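# Residue-level structural notes
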Amino acid sequence: MGNPLETKELMAELQSKGIRIKQGSSNGRQGGAGPANGKGLVFGKYQITVPTAGDSAKNSHYTLHEDGERPLIFKDGEVISEVELIGTPQFYGLHTADGVPYHKIALLHGRDCLASTVIQTCFRWHGEERCKFCGIGTSLSDNNTVSVKTPKQLAEVAEAAVRLDGVTHVTLTAGTTANPLHGIKHLGDCAGAIKEATGLPVHIQFEPVDDLSIYSHLKDCGVDTIGMHLESFDQKVRERITPGKAKLSVSAYFEGFAKAVEVFGRNQVSTYIIVGLGEDLAATLAGCTRCIEMGVYPFVVPLRPVKGTPFANMAPPDPKTMVEIYGEVAKALADNGLRAAASKAGCVRCGACSALPAFER
Ligand code: SF4
């Protein structure tokens, strides 16, 4: 078996090129937010989700074969790597006391992260302001989830996910509610219930709001880490891709970051940065460095095509671009003492949507 790429470069390559599935494999999660339309793959201590949908993945040189003793990755018919797959967790087989299947409340992300889109609606979904890459309404219309998850339901599922599947941390996200504070407070209540039932560290994601006292409130609820997702530092890209969120200025995000770091500490605040939206590379690196210096981890990810969105067949960025960005961002992280492994909970700790943790020194 010969592998001309280092594992971290192979991970970046797979996330950009996608993978075709052969014999007996499931296509992974279909629809929804986060790592939708992807397959979870494990390379040693790193895990990634790899796109399985969209034109790019359908025409990928890479295929996953599960018919031998171990799952193997082929490139153009030649074996290039062994890989581990993430199996279906046991908690998916259970129902809540009120009859809802657990997998409609929360999903396993990566090997050990319990993730839920707590509010599966967004006030921007049915209009011009919807983010172009987002599939939050798709899972709901496909009946794969329920509209709003309660603190009690999430605590119940989290308890089972710890007991049956060894989950170690939680990511809670939500669409934005018409009054954003209402949604954020619901996330805080859910985090508190999970913390009380399991003691797990919990990460929540939301858009910044003017009320800076919200961070202390969330800390008091039991939230451990915060994500506020800018997606791009380029205002023109934001106006094109996230027209509603772009009405909140980049400065508003940085004001939120500063307050969040003050409350939660360095390395416990993060932002998703999507590469492949037509942004300027130098501006992206400058923005990431600005975040890192203030203690915010820029979780750099390649654009992922998600079914049912305007980006369904858009090509992810060239893997060489991703390798270059990962290398530069990893250097800035090291220079400023930030590490994915030091994040208590959430996407940075999970890492599956990015290959950045593998590039850290
Ligand atoms: S990085 Fe975040 S969205 Fe991606 S799989 Fe992990 S927890 Fe889910």
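Position numbers for residues start from 1 in each chain and track the written sequence from start to end. Only residues with pLDDT of at least 70 are given local features in this predicted model, and only at 80 or more are side-chain atom pairs given and counted; all residues enter the totals for whole chains, interfaces and linings. Only heavy atoms go into the side-chain values, all of them from the structure, while hydrogens and water stay out.

### Points about the packing of helix α6 (residues 214-221) against helix α8 (residues 250-264)
Note the cut-off: Only C-alpha atoms enter the line fits that serve as axes; for helices the fit covers just the stretch in contact. Angles between N-to-C directions range over 0 to 180 degrees. In this description a helix means any DSSP run of H or I spanning at least four residues, a strand means any run of E spanning at least two, and both kinds are numbered starting from the N terminus. Here a crossing is taken to be left-handed if its near helix is turned anticlockwise relative to the far helix by less than a right angle, and right-handed if that turn runs clockwise. Any two residues whose heavy atoms approach within 4.5 Å are treated as being in contact. Following the grouping adopted for this structure description, the nonpolar residues are Ala, Val, Leu, Ile, Met, Phe, Trp, Tyr, Cys and Pro, the charged ones are Asp, Glu, Lys and Arg, and the polar ones are all others, Gly among them.
The interhelical angle for the contact between α6 and α8, taken along N-to-C directions, is 35°, at an axis separation of 9 Å. Considering the relative orientation of α6 and α8, their crossing is right-handed. Contact residues: α6 offers Tyr215, Ser216, Leu218 and Lys219, while α8 offers Gly256, Lys259, Ala260, Val263 and Phe264. Here the contact of α6 with α8 is composed, by residue class, of five nonpolar, two polar and two charged.

### Quick notes on the pattern of salt bridges
The test is simple: Here, a salt bridge means any Lys or Arg side-chain nitrogen found within 4 Å of an Asp or Glu carboxyl oxygen. Partly exposed residues are those whose accessible area sits between 20% and 50% of the maximum for their type, while under 20% is buried and over 50% is exposed, using a 1.4 Å probe and protein chains only.
One pass over the full model with this rule turns up nine salt bridges. We note a salt bridge from Lys259 to Glu262, for which the minimum N-O separation is 3.1 Å. Of this pair, Lys259 and Glu262 both sit in helix α8, three residues apart, which is roughly one turn of the helix. In this structure Glu262 comes out as exposed when scored by relative accessible area, which is 60%. Here Asp335 ties to Lys331 by a salt bridge, and the two come within 3.2 Å at their closest N and O atoms. With a gap of four residues between them, Asp335 and Lys331 both fall in helix α10 (residues 319-335), about one helical turn apart. A residue is classified by how much of its surface remains accessible, and Lys331, at 37% relative accessible area, is partly exposed.

### So, the domain arrangement of the chain
We count it as follows: Domain segmentation is taken from an automatic or database assignment of domains. Buried surface area refers to the total accessible area, computed with a probe of radius 1.4 Å, that the two partners give up upon joining, counted for both partners together.
By the assigned domains, the chain splits into domain 1 (7-85) and domain 2 (90-359). Domain 1 and domain 2 are separated by 23 Å when their C-alpha centres are compared. Contacts between the two partners involve 31 residues from domain 1, matched on the other side by 33 residues from domain 2. Taken as a group, Gln15, Ser16 and Gln47 account for 23% of the area that domain 1 buries against domain 2, more than any other trio of residues on that side.

### Considerations on the packing of helix α9 (residues 281-293) against α10
Counted only if it meets this: If an angle is under 35 degrees, it is roughly parallel; if it is over 145, roughly antiparallel; if it lies from 65 to 115, roughly perpendicular; otherwise it is oblique.
Running from N to C, α9 and α10 cross one another at 25°; their axes reach a closest spacing of 10 Å. Comparing the axis directions of α9 and α10 gives the class roughly parallel. For α9 against α10, the interelement crossing comes out right-handed. Residues Leu281, Leu285, Cys288, Thr289 and Ile292 of α9 lie in contact with α10, whose contacting residues are Glu324, Ile325, Glu328, Val329, Ala332 and Leu333. Of the residues that constitute the contact of α9 with α10, the class distribution is eight nonpolar, one polar and two charged.

### Comments concerning helix α5 (residues 180-198)
Threshold: In this analysis, the expected span of each helix is defined as 1.5 Å times one less than the number of residues it contains.
Over its 19 residues, α5 runs 27 Å from end to end, which matches the ideal 27 Å to within 8%, given 1.5 Å per residue. Within α5, burial applies to Gly183, Ile184, His186, Leu187, Gly188, Cys190, Ala191, Gly192, Ala193 and Ile194. Elements that come into contact with the buried residues of α5 comprise β9 (113-119), α4 (151-165), β10 (169-174), β11 (202-205) and α6. One or two positions beyond α5, positive phi appears at Gly199, with a value near 75°.

### Side note on the pairing of β10
Rules: By the convention used here, strands pair only if DSSP detects at least 2 bridges between them.
Taking burial as the measure, the six residues of β10 include six buried ones, the bulk of the element. Taking every second residue as pointing to the same face, both faces of β10 are buried, with His169, Thr171 and Thr173 on one and Val170, Leu172 and Ala174 on the other. With six bridges connecting them, β9 and β10 associate as parallel partners. Counted as the bridge partner of Thr117 is Thr173 from β10. Relative to β11, β10 runs parallel, the two being bridged by three bridges. Bridged to Thr171 within β11 is His203.

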